Amino acid sequence: MKRFSAFKPLLLAAALFSASAQAHFVWLEQGTTPGESKAYFGEWADDVRETESGYLKLLTAPRGVAADEKSVSVTRANDHLTLKGPATGDARLVTGYLNDKGVLSLYQPKSGRTETAARHALELVPTAANSNSFTLLLNGKPLPSKDVVVFGPPKWSKTFHSDKEGRVTITTPWPGQYVIEVGHLDKEAGGQWEGKPYTQTRHVSTLTFVMP
């Protein structure tokens, strides 16, 4: 039995690595150039932004989505992904992390709340442009009874809940940037990601916007 003891720290480190990565989410922030957005992987409230030498490298097949559903170019930097697309409309990104248990974490961040149509599999859709009232949709259908976590200045957070029709209204008490996170595990959604099979999909959707 002693000959296996050297592997225990490695197994523990791998387990912690996987758990920490799955606790993270991806969020988008508008860049300084029109049509440019930056995606970060980590914990917004704790100012954690992963780098390519850490967990950021786990994210694969990043694809930007424009308002007309055409793909947007995505480039990688040390601590973020950069999207460069049209100067109008909301910015969206799809990327994923497939763990060794066959669960795909599908990250679907969006920046802006001007569009009232969903383009992600899981998305909070405003009832009107720039509204604080939303409908949570999964594959175009309302998703009820889900936690909707709102992070905002000054590192404040509050959990809301979608009702039986997927509707939720949030509060934004202060000016500044807000990030909303919603998660949903679909145990029947399998397929292939980058040529590797998965049996479940863990949807993680975020919405970022700025209150003046």
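The coordinates are above.
Given the structure is predicted, the values throughout are model-derived calculations rather than measurements.

Procedures and definitions
Residues numbered from 1 in each chain as written. Predicted model: local features only at pLDDT ≥ 70, side-chain atom pairs only at ≥ 80, totals over all residues. Heavy atoms only, no water. Phe/Tyr/Trp six-rings, centres within 6.5 Å; stacked < 30°, edge-to-face > 60°. Helix = DSSP H or I, 4+ residues; strand = E, 2+ residues; numbered from the N terminus. Lys NZ or Arg CZ within 6 Å of the ring centre and 35° of its normal. Buried < 20%, exposed > 50% of the residue type's maximum accessible area, 1.4 Å probe, protein only. Lys, Arg positive; Asp, Glu negative; His and termini not counted. Salt bridge = Lys/Arg side-chain N within 4 Å of Asp/Glu carboxyl O. Contact = heavy atoms within 4.5 Å. Core = buried A, V, L, I, M, F, W, Y, C linked by side-chain atoms within 4.5 Å.

Digging into the packing of aromatic side chains
Any pair of aromatic rings gets described here by the distance separating the centres and the angle formed by the planes. Taken as a whole and judged by the stated rule, the model has seven aromatic pairs. Aromatic side chains Trp 156 and Trp 174 sit 5.4 Å apart centroid to centroid with 75° between the ring planes, which places their arrangement in the edge-to-face category. Of this pair, Trp 156 sits in strand β13 (residues 156-161) while Trp 174 sits in the loop between β14 (167-169) and β15 (176-186); the two residues are 18 residues apart in sequence, bridging distant segments of the chain. Put simply, the rings of Phe 25, Trp 27, Tyr 40 and Phe 151 touch in pairs and so form one group of aromatic residues. One cation-aromatic arrangement involves Arg 49 over Tyr 40; the distance from NZ or CZ to the ring centre is 4.0 Å. Sitting over the ring of Trp 44, Lys 155 keeps its end group 4.1 Å from the ring centre.

Focus on the side chain of Glu 181
Residue placement: Glu 181 occurs in strand β15. We note that Glu 181 is buried and unpaired, the nearest opposite charge coming from Arg 202 at a distance of 5.6 Å.

What to know about the environment of Val 48
Mapped onto the secondary structure, Val 48 falls in strand β3 (residues 48-49). For Val 48, a relative accessible area of 28% translates into the label partly exposed. Put simply, Val 48 and His 24 are 24 residues apart on the chain and 9.1 Å apart in space, counted from C-alpha to C-alpha. Beyond its immediate sequence surroundings of up to four residues, Val 48 is in contact with His 24, Trp 27, Phe 41, Gly 42 and Glu 43.

Side note on unusual backbone geometry
Glycine aside, the phi torsion of most residues is negative, and most peptide linkages are trans. Of the consecutive residues Pro 153 and Pro 154, the connecting peptide bond is found in the cis state with omega at -10°. One can find Pro 154 in the loop between β12 (147-152) and β13. At Ala 61, a position not held by glycine, the phi torsion is positive, near 50°. Relative to the elements of secondary structure, Ala 61 occurs in strand β4 (residues 60-65). Here the phi dihedral of Asn 130 falls at roughly 65°; this positive angle occurs in a residue that is not glycine. As for its placement among the helices and strands, Asn 130 is situated in the loop between β9 (122-126) and β10 (133-138). Classification of Asn 130 as partly exposed rests on a relative accessible area of 46%.

Structural notes on the environment of Tyr 178
Looking at the element boundaries, Tyr 178 is found in strand β15. Along the backbone, Tyr 178 and Phe 209 are 31 residues apart, and their C-alpha atoms lie at a distance of 5.5 Å. With sequence-adjacent residues up to four places away left out, Tyr 178 is seen in contact with Val 150, Phe 151, Gly 152, Pro 153, Trp 156, Thr 172, Pro 173, Leu 207, Thr 208, Phe 209 and Met 211.

Notes on the nonpolar core
Ranked by internal contacts, the top residues of the largest apolar core, which has 24 residues, are Phe 25, Val 26, Phe 41, Leu 59, Leu 93 and Tyr 107. For this core, the secondary structure elements donating two or more residues are β1 (25-30), β2 (36-43), β6 (81-84), β7 (91-98) and β12. No other element matches β1, which puts four residues into this core. Among all residues touching Leu 59, those that are not within four sequence positions of it are Val 26, Phe 41, Arg 76, Thr 95, Gly 96, Tyr 97 and Tyr 107.

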